[in-house]
Amino acid sequence: MLETALKGSNKYWGLVIGLLILVGIGFTVYLKQFSVGLGITGMSRDVSWGFYIAQFTFLVGVAAGGVMLVLPYYLHDYKAFGKITVLGEFLAVSAICMCLMFIIADLGQPMRAMNVMLHPTLGSMLFWDMIVLNGYLFLNILIGWVVLESERNSVPPPKWIKPFIYLSIPWAFGIHTVTAFLYCGLPGRGFWLTAILAPRFLASAFAAGPSFLILLCFIVKKYTNFDPGIKAIRNLAKIIAYALIANVFFFLCEVFVALYSGIPEHIDHLEYLFFGLHGHGMLVGWMWTAMILMGIAIILLVNPITRENNSILIVSCVMVFVGTWIDKGLGMISGGFVPSPLHHVTEYAPSFYELLITLGIYAAGLLILTLLFKMVISVKEEVSD
Amino acid sequence: MENSKRIFLKIAGVSALGLGTGILTPNVFASSGQKKEAGFKKDSNALTAKRWGMVIDTRKIESSDDLEPIINACNKIHNIPEIKNHKHEIKWIWEEEFKHAFPSKGNKYLNERIKDLPFLVLCNQCENAPCVKACPTKATFQRDDGIVLMDFHRCIGCRFCMAACPYGSRSFNFKDPKEHIKPETYNPEFPRRTKGVVEKCNFCAERLAVGKKPACVEASDGAIIFGDLEDSESEIREVLNSNYTIRRKQALGTGPSIFYII
Amino acid sequence: MNDKSKIIAGLVIFFIIFAFPIWYNMFKSKPAPELTLTEKAKAAKECVRSKEYMTKNHMQLLDVWRDKVVRHDTRVYVNTEGKEFKMSLSNTCLDCHSNKAEFCDKCHDYASVQPYCWDCHIDNPKEKNDGKQ
């Protein structure tokens, strides 16, 4: 099926080449980071994880979000999602590829990455994260490919693939749970030390992933002959609405516990993020923006009149995606490191180089997504002819 | 016999590259049957303990001037780079104010001496170290004598340990430290580090191995007492017995091995 | 099959690229370099192990040394003659072989290997003050 990704219009090739250029820029800057070290980023002794790990965390969510199509279709036989489950699976593939690239970009000694497998350490959450992420990548490539190929040949998917599909459902929950466990098991990091971190990660994932999928569906509908179906989009929008409500609700639970208990280690980080601490408040504007975006999106998505208007739905999905991105891709990691365990405030902002590398990785992920979606759409167009 | 050993050596060599070195045992080094086999042993002067610990007697410290020789002794012996950019600093042992060393214990009525007194902080060599748990490659590991050590050869630079440490005791080499180590103070006895690895206080494992106490203890003029916490006859136990001591963030359950007399 | 010529051309290009290391080095092969020993090394006659053993296995030996020292707190090596050595690249190996460029680098360059030992272990402790590390 790969050959279908090699034939396309000028617009398609323009997109591919444009993304390749961004990948090239990112890779060139990465070579600099590789030779100089992570000193070219904005990270510091106090904020030792930055943009890369934050993007990784957010994208694990996007990858897990695909399960919101797979679960209703395969477990509840919800037919409307049947046409686009493979889009969800391939979105997960591209998101996981980005995650893995972000992890590699974040390593101080990337050449030694395989040490994680040479010296497996069962007590380390990072070891398990590697297992679940690679497993999820494998599952989604396998399932997406086999199902799509059967569709192309106009035969039902082979029976042996079913167990893999069923396995992929809890696995999707697993990847984001383990990712949350990276953070929430650390003593002395009050911001993350909370049992609701994993549920909150999942809720935000099930809002962010599907909202990106809806946007992709609209793009596909506009530029190709494949119609993902309005019914699927409408129902996905409902899922987003409730996932987003859960996300905000979990966050407010967090705020209550921190503020009412009054324990400084827990309040300090929230104070830093939303009001600034000791005169440092780089993220204050961002955090309030995220809250406002998510708040408005909830209103627009819960209300059927606005939800069923395509233009407003598109705007709402952008708001959800940006809002959850700020929440997780900016605030979640920095917020946990500021103030430091010794209560020093060292702020973090990504450096220009760091942003270029990030952009390159996003471009690489979008390139993978473009190629995979091109395959899907070619097959769908072929079958409907 | 000779031949089969050769083959085994080759296999072992290749496996050593691929699988780590645990499988190579001393007898592998025997190249012929008649000779004795090569082996390994500890230095007979080595200091040993069940669990090393330290008491810092802050009553014997008046100002930063008292701490400077202690910190410098460590920095010099371990080739700690002097980096001006505080974001990239490497610190094994350094000073903090009370409110930073003991963030939950500060209060506005704190007595004057404690408020202005510089406190020495270093890796706590925790009994239940979060960094050891977090490390995905066992590059950070705990020895039988309680010392939490770093294997710089194995560290992949993921910095999970830095997120895990509740004491900010770990530093990352954001750049090659080479340019920041003064050639005139360079200690050729101890390796420097490469870029991209995490480092921290090693409780002077290299000195204990040859029968010397940690450099900071030696330079402290009695303000730091070092010894075996499990040995009821030791000096450190005597000091712990006769003084009230506190540890940093004890409530987290990490079990620090560094005690402070206030 | 009208793609036959394309496939064959593709295969030829693939094999040319695949064989790059062979043809790139085809006419450059040189005999292995002769190693220069310092006076101290000559005087010692034998390294911690026999010359043949060291030539072949010094990398594995160093690998085991490093694990023994760093991870197992065992710092003394007893060789087959019963002689004891402190296991230290900088302070034992390079004490005799203080001519790193002539001794280590020459052969490593020839074999095109770049061990990263020297990133951290100073190459020559005796020349510590002249600034070249």
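Before any of the text, the structure's been laid out above.
If you're wondering where the values come from, they're calculated on a predicted model, not measured in any experiment. (Residues numbered from 1 in each chain as written. Chains lettered and ligands numbered in written order. Predicted model: local features only at pLDDT ≥ 70, side-chain atom pairs only at ≥ 80, totals over all residues. Heavy atoms only, no water.)

**What about the interface of chain A and chain B?**
Then, in step 1: Contact residues are listed per partner, giving 42 residues for chain A and 49 residues for chain B.
Then, in step 2: Note on chain A versus chain B: buried area summed over both sides is about 3700 Å², and carbon and sulfur give 56% of it.
Then, in step 3: Of all residues in chain A, A:Arg45, A:His119 and A:Leu342 give up the largest surface area on contact with chain B, accounting jointly for 21% of the area buried on that side.
Then, in step 4: A:Asp106 is the salt-bridge partner of B:Arg159, the closest N and O atoms lying 2.6 Å from each other. (Contact = heavy atoms within 4.5 Å. Buried area = accessible area lost by both parts, 1.4 Å probe. Salt bridge = Lys/Arg side-chain N within 4 Å of Asp/Glu carboxyl O.)

**Quick notes on the nonpolar core**
A general tendency of soluble globular proteins is for nonpolar side chains to be buried together.
Then, in step 1: Residues A:Phe56, A:Ile175, A:Tyr183 and A:Ile214 are the most contacted members of the largest nonpolar core, which totals 163 residues.
Then, in step 2: Per-element accounting of this core gives the leading share, 16 residues, to helix 8 (residues 197–223) of chain A.
Then, in step 3: Non-local contacts of A:Phe56, meaning those with residues more than four positions away in its chain, are made with A:Cys99, A:Phe102, A:Ile103, A:Asp129, A:Leu133, A:Thr179, A:Leu182 and A:Tyr183.
Then, in step 4: B:Leu67, B:Ile83, B:Val121 and B:Phe226 belong to the second largest nonpolar core, which has 43 residues in total. (Core = buried A, V, L, I, M, F, W, Y, C linked by side-chain atoms within 4.5 Å. Buried < 20%, exposed > 50% of the residue type's maximum accessible area, 1.4 Å probe, protein only. Helix = DSSP H or I, 4+ residues; strand = E, 2+ residues; numbered from the N terminus.)

**Digging into the state of the cysteines**
Residues and elements named next belong to chain A.
Then, in step 1: Within the structure shown, the criterion is met by zero disulfides over all chains.
Then, in step 2: For cysteine 97, which is in no disulfide, the shortest distance to another cysteine sulfur is to cysteine 99 and amounts to 9.0 Å.
Then, in step 3: For cysteine 97, a relative accessible area of 19% corresponds to the buried category.
Then, in step 4: Sulfur of cysteine 184: no disulfide; nearest cysteine sulfur belongs to cysteine 253 and is 16 Å away.
Then, in step 5: Cysteine 184 gets classed as buried once you look at its relative accessible area, which sits at 15%. (Disulfide = S-S within 2.5 Å.)

**Digging into the sheet that holds strand 1 (residues 76–78) of chain C**
To summarise the sheet geometry, strands pair through backbone hydrogen bonds and adopt either a parallel or an antiparallel arrangement.
Then, in step 1: Ordered in space as 1(B)-1(C)-2(C), the three strands form an open sheet in which the pairing is antiparallel. In this open sheet, the two edge strands, each paired with only one partner strand, are strand 1 (39–41) of chain B together with strand 2 (84–86) of chain C. Shown here is a sheet whose adjacent strand axes are inclined to one another by a mean of 30 degrees, direction ignored.
Then, in step 2: Looking at chain direction, strand 1 of chain C and strand 2 of chain C are connected through three bridges and run antiparallel. Each bridged residue has a counterpart across the sheet, and for C:Val76 the counterpart in strand 2 of chain C is C:Lys86.
Then, in step 3: Sitting on the sheet, helix 4 (residues 51–72) of chain C touches strand 1 of chain B together with strand 1 and strand 2 of chain C, and the angle it makes with strand 1 of chain B is about 25 degrees. (Pairing = 2+ DSSP bridges. Axes fitted to C-alpha atoms, helices over the stretch in contact; angles between N-to-C directions.)

**Focus on a nonpolar patch on the surface**
Residues and elements named next belong to chain C.
Then, in step 1: Taken together, the side chains of Ile8, Val12, Ile16, Phe20, Ile22, Trp23, Tyr24, Met26 and Phe27 define a hydrophobic patch exposed on the protein surface, amounting to about 980 Å² of accessible area.
Then, in step 2: Contributing elements (two or more residues each) for the nonpolar patch: helix 1 (4–18) and helix 2 (20–24).
Then, in step 3: The dominant element in the nonpolar patch, judged by the number of residues it contributes, is helix 2, at four residues.
Then, in step 4: Structurally, isoleucine 22 can be placed in helix 2. (Patch = residues over 30% accessible without salt bridge, like charges linked within 9 Å, V, L, I, M, F, W, Y side chains within 5 Å. Areas by Shrake-Rupley, 256 points an atom, 1.4 Å probe, with all protein chains shown as cover.)

**With respect to the environment of A:Ile326**
Residues and elements named next belong to chain A.
Then, in step 1: Secondary-structure assignment places isoleucine 326 in helix 13 (residues 310–337).
Then, in step 2: Looking at isoleucine 326, the relative accessible area reads 2%, which means it is buried.
Then, in step 3: Sequence spacing of isoleucine 326 and threonine 289 is 37 residues, and the spatial spacing of their C-alpha atoms is 8.3 Å.
Then, in step 4: Ignoring anything within four residues of it in the chain, the contact list for isoleucine 326 reads Trp286, Met287, Thr289, Ala290 and Gly331.

**A short note on unusual backbone geometry**
Most peptide bonds take the trans form, and the phi angle of most residues other than glycine is negative.
Then, in step 1: In this chain, A:Val338 is followed by A:Pro339 through a cis amide linkage whose omega measures -5 degrees.
Then, in step 2: With respect to the secondary-structure elements, A:Pro339 resides in the loop between helix 13 and helix 14 (352–384).
Then, in step 3: A positive phi angle is found at B:Lys138, which is not glycine, with a value near 60 degrees.
Then, in step 4: Relative to the elements of secondary structure, B:Lys138 occurs in the loop between helix 5 (130–134) and strand 5 (140–142).
Then, in step 5: For B:Phe203, which is not glycine, the phi torsion reads 55 degrees and is therefore positive.
Then, in step 6: Relative to the helices and strands, B:Phe203 is located in the loop between strand 8 (198–199) and helix 7 (205–208).
Then, in step 7: Given a relative accessible area of 1%, B:Phe203 falls into the buried group.

**Examining the sheet that holds strand 10 (residues 245–246) of chain B**
Residues and elements named next belong to chain B.
Then, in step 1: Here four strands make up an open sheet; going across it, the order is 9-2-11-10 and the pairing mixed. Edge positions in the sheet fall to strand 9 (224–228) and strand 10, since each of these pairs with one other strand and no more.
Then, in step 2: The sheet contact formed by strand 2 (residues 52–57) and strand 11 (residues 258–261) spans four bridges and is parallel. The partner of methionine 54 across the bridge, within strand 11, is isoleucine 258.
Then, in step 3: Contacts between helix 9 (residues 235–242) and the sheet are confined to strand 2, strand 9, strand 10 and strand 11, with strand 9 contributing the most and set at about 120 degrees to the helix.

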